[in-house]
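# Analysis of the macromolecular model
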Amino acid sequence: MADLLSTGISGVRTYQRALATVGNNIANVDTEGYSRQRLEITGNASTSDGSLSIGNGARAVRVQRSYDNFVVSNLRSAQAQLSKHESALEYVTQLENILGDKQLSLSTSLNGFFAAVQEVSITPSSVAARQNLLNVAEATVSQFGSIGMQLESIEEDSYVDLGAKANEITQYAQQLSTLNSALNRTPSLAKQPNELLDRRDLLIQDMSKLLRVSVVEAANGVVDVHIGDVASGQYLVRGNESSTLGLQRSTNNSDEVNLVLDPYMSPQTVTQVVGGSIAGIMEFREGALTSLRDELDTLTQVFVGEVNDVHSLGINAHGEFGGELFSLGNIYNVNPGLNQGTGFVKVSALADESIERLSMSLTYSASSKEWTLTNLSTQESVSGNTELTMGGIKVALTGVPEDGDTFTLEPNKRPIDALQMAVTDHSNIAAGGAVSVARSSTNTSATNMVLNGYSKPTAPGSDTSMDDLLRNNIATVAATSVGTSNNLAFVIPARTQDATFYSVAENESSSVQMQVFTREGKQVYGSALSTTEQAQLMTAANGFNTTAAYDDTYRNQTGSNAYMDANTTVTNSTAGDLRDHFAIAGGVNEDLLVFVTGTGSAQMSGQWGEVAQQDTREQLRQNINVVFSSDASSYTLVDVATETNIASGTLSGGGSIQHNGWEVSFDGVVQANDTYAVRGNQYLAGDNRNLLQIIELQADKTIFDGRGDFTGVYTDIIGELGGAAMQAGVSRDAQQIIVDQAQQKRDETSAVSLDEEAANLLRFQQAYQASAQIISTANKLFDTILGIR
Amino acid sequence: MRVTQSGFYNQATQQMGKQQAKVFETQEQLSSGKKILRPSDDPALATALNNLKSQIDVNQRYLSNLNRMEDTLKMQETSVSSSVDVVSRIKELSIQAANDTYNAADRKSMAIEVKELISSLADLGNTRGTDGAYLFSGYSQDQAPFLESSLGVVTYTGTTDYQKVMVDEGRSMKIGMPGSDVFGSVQHRNASTGATSSLDMFTTLGSMYQALVANDSDAIRDNLDKISSVHEHLTVQQSNIGSRMKRVETLTHTIEDRDYTYKSLQSNMEDLDYVEAATRFKNQTLALQAGQQTFAQLSGLSLFKYIS
C-alpha cells in the first residue's frame, strides 16, 4: 500500500534540498565563475495496488549545473583575443606617450642642432657661437639617449611582465592538476561536485586570458589543457601532471624572447603563442617595439654618417681636416679568446648600412694570412687582412696575430644609445672648406671658375699586380708588340717607397724596352712612341684615364726636370750594361703603369719598400693651376709645387674638370692663356663653407633614399606609431563588444537571477509546507487507526 | 532573454565606463584647446602637424639670419659711403691740382692731405663688425686686410672670397664684400682710346700722391681720369649694398608672410572648435547622467522587497 507518511517525508526531504539549492544560488550570486544549480526532482517508482498504481512521492536525483560548454568555450576564446589586444594597446600607448611628447621630439632637437650651425656660419670665428654649437649638439645627443633609454626600459618592463605572466600560468596549471586529481576520484561526470567543476572552468578561463589554450575533457570531467591547438602536442596540464612555462632570451639577438616549456630540465620552445596577453606582449615586442627601435637606430646612424662625412672634409681652426663630429661608441663587445698573438680589433659603424646586430666570430689563419669573420647564425663569412665588413659594421684589424687567434663580437649598444660627441674643443669644429678657387688677376676674360663641390678622393694604390708578378722579385714578362691588348705588365701603387726595377732581354732574339707612364699619359721612362703606338698602348683597358693624352716632356728626366720633381734614376741599356733600370727614391702620389714593348720577352726584377701612409683627404689640398692654351681650346693641370704638368684636356661646351675629388666649371667663356687656381685651404677665420654644407643636410631628401629629410622621416615614424596605436584601439574596442556579447550569453545561461530565486524560494517554501501538511495528515490518519477500539 | 544580476551589473558598468571615457576625452580636449591629444587620435593629421611645426622652426631661423645680415650690411654701407666722401675729396683736390695755377708748394700741401685721405681710406677698409671680425677681408676675418707701409703703399692681404649665409631653403646670399673687390680692382675705360683696363684703387690713389709730390702736372692730369673711375666704382659699390639691403628686406617680408601662413595653417589644423566640443560635452554628460540614474533605479528593483 502506498505509504502516505513516506510520501510526505519524501516530499519534505526533497523540498528541503530544493530550498538548500536555492539558498546556495542566492548566497553565490556574486561568486565568480559560479554556475546556477537546479535540483532535479523525479517521482519515485509507483507501487501497484491491485489494478491501481500509486506513486510514492518524489526524490531528488541530482543537482544540475546550468552549463553550456559551447557558450563557455566561446567566451574563453573571445577573452583570449581581447586580452591580447589589451596588452598590445597598453604597451603601444606607452610608446606613443614617449615619442608623442613635444619636449622629447627628435625633430625639434635636430632642427635646434642645424640652427646652431647656422649661427656659427654667420660668425665662424666667434668662440661663443662655436661653443654654443657644441652645447646644442650635446643636448641633441642627450635627447637621443633619453629616448633610447626609455625604449630600453619598456623592453625590460615587457620582459619582466612576460616572466610574471608565465609564472602565473604555471601556477594555474599546478592548481588545475591538483583539481584534476580531486576530480579523478569520481568516475562519472554526473557525480562530480559542482564547485570543483566551476573552479576548474574558472582556472581555464584565467589561463586563457594569458595564453590561448584548448581543452580536452575526459568522461569524468578531468581536463587536458593544450597550448594553442590540440595538434600542437604541447600541453600545460595532462591529468594530474602540469608543465612549467618560462622565458628564454634567444642568444643571437638579445631582444628576441622565446616562451619555453619546462625551462629548467629539457626546454622546448612553445610553437603556438596565439591569443592571451602573453601573445599580445610578444607581438608588441617583435612588431611595434622592434620596428620603432630599428627605425630610430637607422635615423641615428644616417645622421651621424652624413654629418661626419661632411665634417671630415672641412678644415678646423688648426688648419687640419676635421675628424668625426659625432661617434657611435661601444656598439659591439669584442671578447678575445685565449690568444697567443697581439692582434687588435676595432669595430665601427658603416655610414650607409643599417647595423644588423649580428653575433659574429673572427678567426685568424696563418696559412692564408687572413682573418675570417663569420655570422654565427647563418655561418656566412668574409675574409681579408685589414678591414672586413658585415651586417653594417666595419672591423679593422691591426697588430700581429698568431694562427688560430679568435675574437667573438656581440652586439652591445644600439646606435641611439651609443651616440656621443666626438668633438669637445670648439677649435676642432671644421667650419672651413678644404678647397677654394680663384682666377688670376692677369686674365683677359672676367670669367670666374666655380667650385661645384668636392668629395673624398678615391684611395689609390690597392692594385696588387706588382706583388703578384714580382712576388719573388724576379719575373719573366713577355713583351708584346704594341698593338695587342693586355700589354700592361704591372702597376706600381701610389706612394710605394724606393721602387727600383731592372729589365733585360731574355735571350739573343729578344729586343725589349721597359716603359713607365702615369695614368694621364705622361711618360716617365722608356723610348719615344709613334702616334700609332701611343694610341694602341694608351687604352682604358690598360689603366689609362679617359682624359689621358700622350706627353713626352718628362720621359727619362731626373731631378727638377722629372715628373713631380721625383728623385728618379733612369738608365737605358748600353753596351756595357744590357739592363734597363728605372728607380724612384721616395715615391710619387700616383699609380705608375709599367709596360714592356718590343719583341720576345724580358726578365724583370724589382725591389720596393712600404707604401707610405697618407690621409687620402690631403690630395684635395694639392695646389693646382688650370692653365688654358693660347687658343683657349684646351687646358693643362699643373702641380704648383713642382711645376709639373699632371693632366690635360678640353672643355666640352659648359663642361667641367674633375681631379683629386673636386669638380670645377666656368661661369662664362674663357679666353686665351687664362689661368685659374685650385688651392687647398688652411685655417681662415671667416670661412664657413663646410658649415653651409652641413646646413644643406637638413633639407636633403636623398639621404634616406628619397623617403624624405630628417624631419620627414621622423614624423613618418611617429605617424606609423600613431596608426598602429589607433589600429590597436579599434581592434580592442571591436573585440570588447564580442566579449561583452559572449559574457552576456554566459550570464543568461549560467548566472543567478535573484528574482527567479526569490520566486523559487516561495514556491519551494509552499511545497515544503504542503509536504509537511501531508505528514501531519498521515499522522492524523494513523491516530484515527490507533483510536479504533 | 534571461536577465541575471551579474549580467545586468556587467552590462551597466561597461556602458557607463565607455560613456565616462568619452566624457573625459572631451574634457581633455576642452582644457588643452587642441583637437588631437596624441598621434593615435588622428595619425595623418599628427604627421602633417609635426612637419608643419618643423617648417615653422626652420623658417624662424632664416628670419634671424636675415636680421643679422641687415646689421652687417648697414655697417658695410656706412664704411663705403664714408669712402665715397674720402675719394670725392681726393678727386676735388686732384682737379684743383691739375690747374697749372698751383705751384709745387701748393701741390705739396695737397699731397699731404691726399696721403692722410689714403690712410683714412685704408682705415675704412679695416672696419670691424660688432663681433670683431673684419668686414672687408674675405675669409681672413681675424686679420686686418689693408696694410699700410711706411711709404704709404697700401696692400691687400685678405682673400677674395664672398662669405655666404643661408637665407632660405637651398638659397644662400653673399653677406661679405672682399676688400679686393670693394677697394681693389676698378674697371677703367680710357676716354681717348676707348680701351678698357683694370686698375688697383690704392695704386691709382698712390700714383696721384706721387704725382703731387713730384709736382708732375702731366701725371696729375693723366691720373684724373682714373680717379674718376675710382670714385664711380665706389658709388657703384654703395648702390650694390643698397640693392642687397633691399633684397634682404624683400626676403624678410616674404619669410614673415610665410611664417604667418604657416601659423594660421597650424591653428586651423590643431585648434579645437570650441562650439562643437562644448555641445558634444553637453550631450555626452547628459547620456552619462541618464545611464547613472536609470541604473540607480533598476538596481533597486528586487522581488525580495515584496516578500516579507
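Remember, it's a predicted structure, so these values are computed and weren't measured experimentally.

## Quick look at the overall build of chain A
Scanning chain A from N- to C-terminus turns up 12 helices and 38 strands. The principal-axis extent of the C-alpha atoms belonging to chain A is close to 175 × 65 × 45 Å. Accessible surface, chain A: about 35,700 Å² in total, of which carbon and sulfur atoms supply 48%. Computed over 48 positive and 89 negative side-chain charges, the inter-centroid distance for chain A is 14 Å.

## Regarding the sheet that holds strand E31 (residues 592-599) of chain A
Residue and element names in this part refer to chain A. Across the sheet, which stays open at both edges, the 4 strands sit in the order E25-E31-E27-E28 with antiparallel pairing between neighbours. In this open sheet, the two edge strands, each paired with only one partner strand, are strand E25 (488-492) and strand E28 (523-525). Across the sheet, the axes of successive neighbouring strands diverge by a mean angle of 30°, strand direction being ignored. Pairing analysis gives 8 bridges linking strand E27 (residues 511-518) to E31, with the strands arranged antiparallel. Paired with Ser511 across the two strands is Thr599, which belongs to E31.

## Structural notes on a negative patch on the surface
A cluster of like negative charges, contributed by A:Asp309, A:Asp352, A:Glu353 and A:Glu356, occupies part of the molecular surface. As for its position among the elements, A:Asp309 is in helix H6 (residues 276-311).

## Some points on the interface of chain B and chain A
At the junction of the two partners, chain B supplies 44 residues and chain A supplies 59 residues. In total, chain B and chain A occlude about 4,200 Å² of area from one another, counting both sides; carbon and sulfur atoms represent 55% of this. Here B:Arg61 and A:Glu119 are joined by a salt bridge, their closest N and O atoms 3.0 Å apart. Residue assignment for the side of chain B that touches chain A shows that the elements contributing at least two residues are helix H1 (5-32), helix H2 (43-98) and strand E3 (164-168) of chain B. For the side of chain B that touches chain A, the element with the highest residue contribution is H2(B), accounting for 12 residues.

## Focus on the pairing of strand E17 (residues 381-384) of chain A
Here 4 bridges tie strand E16 (residues 370-375) of chain A to E17(A), and the two strands are oriented antiparallel to one another. Within E17(A), the residue paired with A:Thr372 across the bridge is A:Ser383.

## Quick notes on the packing of aromatic side chains
As enumerated under the stated definition, the model contains 32 aromatic pairs over all chains in all. Seen in terms of ring centroids, A:Phe113 and A:Phe303 are 5.6 Å apart; in terms of plane orientation they differ by 85°. Their pairing is edge-to-face. With A:Phe113 in helix H3 (residues 106-122) and A:Phe303 in helix H6, this residue pair connects regions lying 190 residues apart in the sequence. Ring plane angle 50° and centroid distance 5.5 Å describe the contact between B:Phe8 and B:Tyr9, whose orientation is recorded as tilted. For B:Tyr9, a relative accessible area of 33% puts it in the partly exposed group. An aromatic cluster is defined as three or more aromatic residues linked by ring pairs; in this entry it consists of A:Phe113, A:Phe114, A:Phe144, A:Phe303, A:Phe326, A:Phe704 and A:Phe710.

## A word on the side chain of A:Gln735
All names here are of chain A. Inspection of the secondary structure assignment puts Gln735 in helix H11 (residues 710-750). Assessed through its relative accessible area of 11%, Gln735 is described here as buried. Apart from residues lying up to four places away in sequence, Gln735 is in contact with Ala78, Gln81, Leu82 and His85.

## So, the confidence of the model for chain A
In this model, chain A carries an average pLDDT of 87, and 96% of its residues clear a pLDDT of 70 or more. The secondary structure element of chain A with the lowest average pLDDT is strand E24 (residues 474-478) of chain A, at 67, and the one with the highest is helix H4 (residues 127-183) of chain A, at 94.

## Examining the confidence of the model for chain B
Residue and element names in this part refer to chain B. On average, residues of chain B score 89 in pLDDT, and 100% of them reach the 70 mark or higher. Taking the mean pLDDT of every element in chain B, the minimum, 81, falls on strand E6 (residues 196-200) and the maximum, 94, on helix H7 (residues 274-299). For this predicted complex, the interface score ipTM comes out at 0.88, while the overall pTM is 0.86.

## Here we look at the side chain of A:Thr715
All names here are of chain A. Of note, Thr715 is situated in helix H11. By relative accessible area, Thr715 is classed as buried at 1%. For Thr715, the side chain forms a polar contact with the main-chain oxygen of Gly712, separated by 3.0 Å.

## Re the sheet that holds strand E6 (residues 223-227) of chain A
Within a beta sheet, neighbouring strands are joined by backbone hydrogen bonds and run either parallel or antiparallel to one another. Residue and element names in this part refer to chain A. What the 4 strands build is an open sheet, ordered E5-E6-E7-E8; its pairing is antiparallel. Edge positions in the sheet fall to strand E5 (213-217) and strand E8 (241-242), since each of these pairs with one other strand and no more. Packed onto the sheet, helix H5 (residues 194-210) meets E5, E6 and strand E7 (235-238) and runs at close to 155° relative to E5.

## A word on the environment of A:Arg621
All names here are of chain A. Its place among the elements puts Arg621 in the loop between strand E32 (601-607) and strand E33 (624-628). Taking the C-alpha atoms as reference points, Arg621 and Gly787, 166 residues apart in sequence, are found 140 Å from one another. Residues in contact with Arg621, not counting those within four places in the same chain, are Ile315, Gly319, Glu320, Phe321, Ala434, Gly680, Asn681 and Gln682. Polar side-chain contacts of Arg621 include one of 2.6 Å to the backbone oxygen of Asn681.

## Structural notes on a nonpolar patch on the surface
Taken together, the side chains of A:Phe782, A:Ile785, A:Leu786 and A:Ile788 make up a nonpolar region of the molecular surface, amounting to roughly 470 Å² of accessible area. One can find A:Ile785 in helix H12 (residues 754-786).

## Remarks on the packing of H4(A) against H6(A)
For any two helices packed against each other, one specifies the inter-axial angle together with the distance between the axes. Residue and element names in this part refer to chain A. The contact between H4 and H6 brings their axes to 11 Å, and the two run at 165°. By the angle between their directions, the pair H4 and H6 is classed as roughly antiparallel. Judged by the sense of rotation from one axis to the other, the crossing of H4 with H6 is left-handed.

## Some details on the pattern of salt bridges
Enumeration according to the criterion identifies 38 salt bridges over all chains in this entry. Linking B:Glu276 and B:Arg280 is a salt bridge whose minimum nitrogen-to-oxygen distance equals 3.0 Å. Of this pair, B:Glu276 and B:Arg280 both sit in helix H7, separated by 4 residues, roughly a single helical turn. Overall, B:Glu276 belongs to the partly exposed group, its relative accessible area being 38%. Taken together, the shared-partner salt bridges connect A:Arg65, A:Asp198, A:Arg200, A:Asp201 and A:Glu217 into one network.

## Here we look at the pairing of strand E30 (residues 580-585) of chain A
All names here are of chain A. Extensive coverage of E30 is indicated by the burial of 5 of its 6 residues. The pairing of strand E26 (residues 500-505) with E30 spans 4 bridges and is antiparallel. For Phe501, the partnering residue across the bridge sits in E30 and is Phe582. Across 5 bridges, strand E29 (residues 567-571) lies against E30 in antiparallel orientation. Residue pairing across strands places Asn567 opposite Ala585, the latter belonging to E30.

## What about H5(A)?
A rise of 1.5 Å per residue sets the reference length of H5(A), with its 17 residues, at 24 Å; its end C-alpha atoms lie 25 Å apart and thus fit the reference within 8%. Of all 17 residues that make up H5(A), 13 are buried, and the element is covered over most of its length.

## Quick look at H1(B)
Over its 28 residues, H1(B) runs 40 Å from end to end, which matches the ideal 40 Å to within 8%, given 1.5 Å per residue. Here H1(B) has its buried residues at B:Gln5, B:Ser6, B:Gly7, B:Ala12, B:Met16, B:Gln19, B:Val23, B:Thr26 and B:Gln29. Those residues of H1(B) hidden inside the fold are in contact with H11 and H12 of chain A together with H7 of chain B. Positive phi appears at B:Gly33, one or two residues downstream of H1(B), with a value of about 75°.

## Some points on the nonpolar core
Residues and elements named next belong to chain A. Counting residues in each nonpolar core, the largest one holds 159 residues, and the members touching the most others are Phe113, Leu236, Leu245, Leu296, Phe326, Leu362 and Leu409. The element contributing the most residues to this core is H4, with 19 residues. Ranked by size, the runner-up nonpolar core spans 48 residues in total, among them Val435, Met466, Tyr525 and Tyr676.

## Quick notes on the environment of A:Ser277
Looking at the secondary structure, you find A:Ser277 in helix H6. If we skip the residues at most four places from it in the chain, A:Ser277 touches A:Ser83, A:Lys84, A:Ser87, A:Lys165, A:Lys209 and A:Leu210.

Conventions adopted
- Residues numbered from 1 in each chain as written.
- Chains lettered and ligands numbered in written order.
- Predicted model: local features only at pLDDT ≥ 70, side-chain atom pairs only at ≥ 80, totals over all residues.
- Heavy atoms only, no water.
- Helix = DSSP H or I, 4+ residues; strand = E, 2+ residues; numbered from the N terminus.
- Areas by Shrake-Rupley, 256 points an atom, 1.4 Å probe, with all protein chains shown as cover.
- Lys, Arg positive; Asp, Glu negative; His and termini not counted.
- Charge placed at Lys NZ, Arg CZ, Asp CG, Glu CD.
- Pairing = 2+ DSSP bridges.
- Axes fitted to C-alpha atoms, helices over the stretch in contact; angles between N-to-C directions.
- Patch = residues over 30% accessible without salt bridge, like charges linked within 9 Å, V, L, I, M, F, W, Y side chains within 5 Å.
- Salt bridge = Lys/Arg side-chain N within 4 Å of Asp/Glu carboxyl O.
- Contact = heavy atoms within 4.5 Å.
- Buried area = accessible area lost by both parts, 1.4 Å probe.
- Phe/Tyr/Trp six-rings, centres within 6.5 Å; stacked < 30°, edge-to-face > 60°.
- Buried < 20%, exposed > 50% of the residue type's maximum accessible area, 1.4 Å probe, protein only.
- pLDDT = per-residue confidence, 0-100.
- Polar contact = N/O pair within 3.5 Å; in protein donor to acceptor, adjacent residues only side chain to side chain.
- Parallel < 35°, antiparallel > 145°, perpendicular 65-115°, else oblique.
- Left-handed = near helix turned anticlockwise from the far one by under 90°.
- Expected span 1.5 Å × (residues − 1).
- Core = buried A, V, L, I, M, F, W, Y, C linked by side-chain atoms within 4.5 Å.

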